[in-house]
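Below, each chain spelled out in residue letters.
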Amino acid sequence: MRDNNGSGKGWALGFGLLAGIAVGYYLNSNEGRSMQRKARAQFDEYGNQINAYGQRVSTKANQLVDEAKHKGQEYLDQAKVKTNELTTQAKTKLEEGKQWAATQAETARKTADEKAAQAKASAQSTAKSAESSFNRGVNKAERKMDENREKIDRTTES
């Protein structure tokens, strides 16, 4: 069987060749050259517009980068100031805490000294009282012994 599409390809090729020849002839003519110059001018104009747009975009991007740098620096400076404030506050609170602790330690030391002095005085008083009681007991025992000796002496003499 024969391919019916083969003859159609030949016509398409022929038509394409004829169209190419016509376009080439037209572009080589004075009118075609004029159209090429106009097309180049238009392409140059488009290129210039694209270049100008690119310049504007680049300028805007640089402005945005500069703004971001300045904002970032402002935020960094604000953070430094806040950090310094917090550090100063923390140092102040630490000093206050040290002073409070020293005051509390001094108060505790004084209280301990007072209690120790009271305990010492109480112990001395108790010791004196015990010594006094002991001496009274010794004196009483001596008297009792003297009495008993006298009784023994009287009984042995009689």
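Residues numbered from 1 in each chain as written. Predicted model: local features only at pLDDT ≥ 70, side-chain atom pairs only at ≥ 80, totals over all residues. Heavy atoms only, no water.

J.: I'd love a proper account of a negative patch on the surface, names of residues and values included.
T.: A contiguous patch of negative charge on the surface is contributed by Glu147, Glu150, Asp153 and Glu157. Relative accessible area serves as the criterion here: at 66%, Glu157 is assigned to the exposed category. (Patch = residues over 30% accessible without salt bridge, like charges linked within 9 Å, V, L, I, M, F, W, Y side chains within 5 Å. Areas by Shrake-Rupley, 256 points an atom, 1.4 Å probe, with all protein chains shown as cover. Salt bridge = Lys/Arg side-chain N within 4 Å of Asp/Glu carboxyl O. Lys, Arg positive; Asp, Glu negative; His and termini not counted. Charge placed at Lys NZ, Arg CZ, Asp CG, Glu CD. Buried < 20%, exposed > 50% of the residue type's maximum accessible area, 1.4 Å probe, protein only.)

J.: Describe in detail the pattern of salt bridges, supporting the description with residues and values.
T.: For the coordinates displayed, the defined rule picks out 5 salt bridges. A salt bridge links Arg109 to Glu106; the shortest N-O distance between them is 2.3 Å. Of the two residues, Arg109 and Glu106 both sit in helix α2 (residues 30–157), 3 residues apart, roughly one turn of that helix. Using a relative accessible area of 40% as the deciding quantity, one classes Arg109 as partly exposed. Note that Asp146 is salt-bridged to Arg149, the shortest N-O span being 3.0 Å. Pair noted here: Asp146 and Arg149 are both in helix α2, with a separation of 3 residues, about one helical turn. Using a relative accessible area of 35% as the deciding quantity, one classes Asp146 as partly exposed. Through salt bridges with shared partners, a single ionic network connects Glu106, Arg109 and Asp113. (Helix = DSSP H or I, 4+ residues; strand = E, 2+ residues; numbered from the N terminus.)

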